[in-house]
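# Residue-level structure breakdown
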Amino acid sequence: MADFFENFPLWAALLAIGIAQFIKIPLHFFATKTWQWSLLMSTGGMPSSHSSAVTALSTAVGLREGFGSNMFAISAILGVIVMFDAAGVRRHAGMQAVVLNKLVDEFNHLLEGMKSLKVRPSQEKAKKLKELLGHQPIEVLIGGWLGVMIALLLHPFF
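Residues numbered from 1 in each chain as written. Predicted model: local features only at pLDDT ≥ 70, side-chain atom pairs only at ≥ 80, totals over all residues. Heavy atoms only, no water.

The chain goes by Divergent PAP2 family protein in an unreviewed UniProt entry, where it is assigned to Brevibacillus fortis.

The final tally for this structure, using the stated rule, is 8 aromatic pairs. With centroids separated by 5.2 Å and ring planes inclined at 80°, the aromatic side chains of F4 and F5 adopt a geometry described as edge-to-face. Taking relative accessible area as the criterion, F5 reaches 47% and is therefore assigned partly exposed. Between F29 and W35 the ring centres are 4.2 Å apart and the planes differ by 15°, which places this aromatic pair in the stacked class. In this structure an aromatic cluster arises from ring pairing among F29, F30, W35 and W37. (Phe/Tyr/Trp six-rings, centres within 6.5 Å; stacked < 30°, edge-to-face > 60°. Buried < 20%, exposed > 50% of the residue type's maximum accessible area, 1.4 Å probe, protein only.)

The next thing to look at is the environment of G44. Positionally, G44 belongs in the loop between α2 (8-32) and α3 (49-65). Between the C-alpha atom of G44 and that of E139, which follows or precedes it by 95 residues, the distance is 8.6 Å. (Helix = DSSP H or I, 4+ residues; strand = E, 2+ residues; numbered from the N terminus.)

Here we take up the nonpolar core. Grouped together as the largest cluster of nonpolar side chains are 10 residues: F8, A12, A16, A20, A56, A60, L146, I150, A151 and L154. Contributions of two or more residues to this core are made by α2, α3 and α6 (137-154). For L154, the residues in contact, after removing those within four places along its chain, are F8, W11, A12 and L15. (Core = buried A, V, L, I, M, F, W, Y, C linked by side-chain atoms within 4.5 Å. Contact = heavy atoms within 4.5 Å.)

Attention shifts here to the packing of α3 against α6. α6 packs onto α3 with a crossing angle of 35° between their chain directions and a minimal axis gap of 7 Å. Handedness of the α3/α6 crossing: right-handed. On α6, the residues that touch S51, S52, T55, A56, T59, A60 and L63 of α3 are V140, G143, G144, L146, G147, V148, A151 and L152. For the contact of α3 with α6, the class distribution of residues is 8 nonpolar, 7 polar and no charged. (Axes fitted to C-alpha atoms, helices over the stretch in contact; angles between N-to-C directions. Left-handed = near helix turned anticlockwise from the far one by under 90°. Nonpolar A, V, L, I, M, F, W, Y, C, P; charged D, E, K, R; others polar.)

This part is about unusual backbone geometry. Residue M46 is joined to P47 through a cis peptide bond whose omega torsion reads -10°. Looking at the element boundaries, P47 is found in the loop between α2 and α3. Look at K33: it is not a glycine, yet its phi comes out positive at around 65°. Checked against the element boundaries, K33 lands in the loop between α2 and α3. The class for K33 is exposed, based on a relative accessible area of 58%.

A word on the UniProt feature "transmembrane region" (unreviewed entry) in the chain. Following the UniProt record, the feature "transmembrane region" (unreviewed entry) maps to residues 12-31, 67-87 and 138-157 here. As annotated, residues 12-31 has a helix share of 100% and a strand share of 0%, and its two end C-alpha atoms lie 28 Å apart. Helix makes up 85% of residues 138-157 and strand makes up 0%, while its end C-alpha atoms are separated by 30 Å. (UniProt positions renumbered as here; feature names shortened; annotations may be inferred.)

Okay, structure coming up:
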């Protein structure tokens, strides 16, 4: 059990996720002047906690095992894949959700109109999809930088 608490790469990655998620709350407040505590558990937004986690992990593995080690290579390649996915596939899925949500709004509007015609639609109102899934490239870049910094700052404590 002591090994678990001394696992520098694990704690660097977990701390990076926590800090990145927390940072989203004051950044959102500065932009909108409203507190949105649900951002602590949400996907998307600035900075990317996925990028923070994988760069903290790779940096910690590199510092612990060496930047020429197989473990660093594995964590770095997986990190690149996660970051590419965050800025690519997940971002485009969010863009598709925006379009689908417009269709949902129009469908729900149609259902409301049918009620005034005394026609009973058999379909319930459709629910909206989550639109903020992925990240802008700058959010991935800042998240990645944050993860490296967290690992470097945490390293002396391990």
